[in-house]
Amino acid sequence: TCALPIWTAQYSGTQLGLGSRVPSVTVSPDGSTVFVEGESSFAFATIAYNASTGTQLWTKTFSGRGEATSASLVVSPDSSTVFVTGDSNSSGSPSSYATVAYDATTGAKLWVAYDHGLSSTQLGRTGADSIAVKPDGTAVFVTGENTRADGTGGYSTVAYDAATGAKLWQQSYFATGRGGEAAQAWFAGVSPDGSEVFVTGLTHSGHYATFGYNSTSGAVLWSKVFHRTCAEALAAVNPATPEVMVTGSCDTGITGSQDDVTVAYSG
């Protein structure tokens, strides 16, 4: 049999020539709504569609402190709130994580949180790449890139109260002694029981660097570095057990040759 489209919906942005980019899409846990997150006119563009009909329910744009680039969204377990994250900056100032919470039914903005995770003397490039929500809906976790002014790259993970946006804790990891080279977290996830936050990304050398944090305090429970040179670090959390699986394309040691390498860690 051939699968036929049930519905098609299009959003073309707000200004000619700038277009839209869609980095993230998800469905509410109750199955009623599809949420699409993209960029439009240097702003987050969040769109809600009826999952059955494709009818556009609401659209919200967010330009943050001047300009904003979205990266990821997630819906609360009770389907009541949409959380969107990315980065925002104003002219002449460093960028920061920017996270927005919307009422999933109306699109009303509930709160906004900014965080750069560095002191004023350290400020460099900062941008969020992934967001996750605790299974009980009480907290959201954001991770991404955090680069010091000297170019030393790393990543920071920030926890927020899901109801208010108040910052609960932050943990940062920086690759030492390699100024000017990038390190970036690409994934945040939460264990099924909500006790642990998993974060993974790539070090400046292209190694998987994976962390387990206590979801309440932010304390580092464990950290592991997989010493192969890899091109990306994608991940998923086992919904049945406290395990995180990290995957990517890694060098084999033969010039031009790569393997898909997956590593599983138990929290």
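Residues numbered from 1 in each chain as written. Predicted model: local features only at pLDDT ≥ 70, side-chain atom pairs only at ≥ 80, totals over all residues. Heavy atoms only, no water.

Which parts of the structure should I look at to understand the overall build of the protein chain?
The helix and strand inventory of the protein chain stands at zero helices and 19 strands. Expressed as a percentage of the 267 residues in the protein chain, the buried residues total 46%. For the protein chain, long-range pairs separated by at least 24 residues make up 46% of all intrachain contacts whose partners lie at least 6 apart in sequence. Counting every atom, the protein chain has about 12,100 Å² of accessible surface; 50% of that belongs to carbon and sulfur. (Helix = DSSP H or I, 4+ residues; strand = E, 2+ residues; numbered from the N terminus. Buried < 20%, exposed > 50% of the residue type's maximum accessible area, 1.4 Å probe, protein only. Contact = heavy atoms within 4.5 Å. Areas by Shrake-Rupley, 256 points an atom, 1.4 Å probe, with all protein chains shown as cover.)

Where do I start with the side chain of Glu 196 in this structure?
Tracing the chain through its elements places Glu 196 in strand β14 (residues 196–202). Within the structure, the side chain of Glu 196 is placed 2.6 Å from the side chain of Trp 222, a separation counted as a polar contact. (Polar contact = N/O pair within 3.5 Å; in protein donor to acceptor, adjacent residues only side chain to side chain.)

Hey, could you run me through unusual backbone geometry in this one?
The backbone phi angle of Ser 79 is positive, close to 65°, even though this residue is not glycine. Its place among the elements puts Ser 79 in the loop between β5 (67–75) and β6 (81–89). Since its relative accessible area comes to 10%, Ser 79 is described here as buried.

So what exactly am I meant to see when it comes to the sheet that holds strand β10 (residues 139–147) here?
Strand pairing in a sheet relies on backbone hydrogen bonds. The paired strands run either parallel or antiparallel. The antiparallel open sheet is built from four strands, whose spatial order is β9-β10-β11-β12. Each edge of the sheet is formed by a strand with only one pairing partner; in this case those strands are β9 (126–133) and β12 (167–174). For this sheet, the mean angle separating the axes of adjacent strands, direction not counted, is 20°. (Pairing = 2+ DSSP bridges. Axes fitted to C-alpha atoms, helices over the stretch in contact; angles between N-to-C directions.)

Would you mind showing me how to read the sheet that holds strand β8 (residues 109–115) here?
Taken together, the four strands give an open sheet; going across it, the order is β5-β6-β7-β8, and neighbouring strands pair in antiparallel fashion. Pairing within the sheet leaves two strands with one partner each, and these edge strands are β5 and β8. When the angles between neighbouring strand axes are averaged without regard to direction, this sheet yields 20°. Alignment of β5 against β6, held across eight bridges, turns out to be antiparallel. Considered in β6, the bridge of Thr 69 is made with Asp 87.

How should the nonpolar core be read in this particular structure?
Across soluble globular proteins, nonpolar side chains show a tendency to be buried alongside one another. Residues Phe 141, Tyr 155, Trp 169, Val 197, Val 199, Phe 211 and Tyr 213 are the most contacted members of the largest nonpolar core, which totals 15 residues. Of all the elements in the fold, those that place two or more residues in this core are β10, β11 (153–161), β12, β13 (184–190), β14 and β15 (208–214). (Core = buried A, V, L, I, M, F, W, Y, C linked by side-chain atoms within 4.5 Å.)

Quick question: what am I supposed to make of the side chain of Ser 72 here?
On the secondary structure map, Ser 72 appears in strand β5. Given the relative accessible area of 11%, Ser 72 is considered buried. Contact partners of Ser 72, with chain neighbours within four places excluded, come to Ser 24, Phe 83, Val 84, Thr 85, Asp 129, Ser 130 and Ile 131.

Help me out: how do you make sense of the layout of surface pockets in this one?
A water-sized probe rolled over the atoms picks out the places where empty space is left. Roughly 160 Å³ of internal volume is contained in the largest pocket. Together, Val 74, Pro 77, Ala 132, Val 133, Lys 134, Pro 135, Phe 187, Ala 188, Gly 189, Val 190 and Val 237 line the largest pocket. Where the lining of the largest pocket is concerned, the elements lending two or more residues are β9 and β13. In terms of residues, the lining of the largest pocket owes the most to one element, β13, which gives four residues. (1 Å grid on protein atoms, 1.4 Å probe; cavity = no way out; pocket = protein on both sides within 12 Å on 5 of 7 lines; lining within 4 Å. Points joined across faces, edges and corners; volume = space filled by probe spheres on them.)

What's the story with the packing of aromatic side chains in this structure? I'm lost.
For any pair of aromatic rings, the description rests on two quantities: the centre-to-centre distance and the angle between the ring planes. All told, the structure shown has 16 aromatic pairs when counted by the stated rule. Pairing Trp 58 with Tyr 102 gives two aromatic rings, centres 5.9 Å apart and planes at 50°, and the pair type is tilted. In this pair, Trp 58 sits in strand β4 (residues 56–62) while Tyr 102 sits in strand β7 (residues 96–103), placing the two residues 44 residues apart along the sequence. Among the residues examined, Trp 58 registers a relative accessible area of 6% and is labelled buried. (Phe/Tyr/Trp six-rings, centres within 6.5 Å; stacked < 30°, edge-to-face > 60°.)

Function cannot be inferred from these measures alone, as they are strictly geometric.
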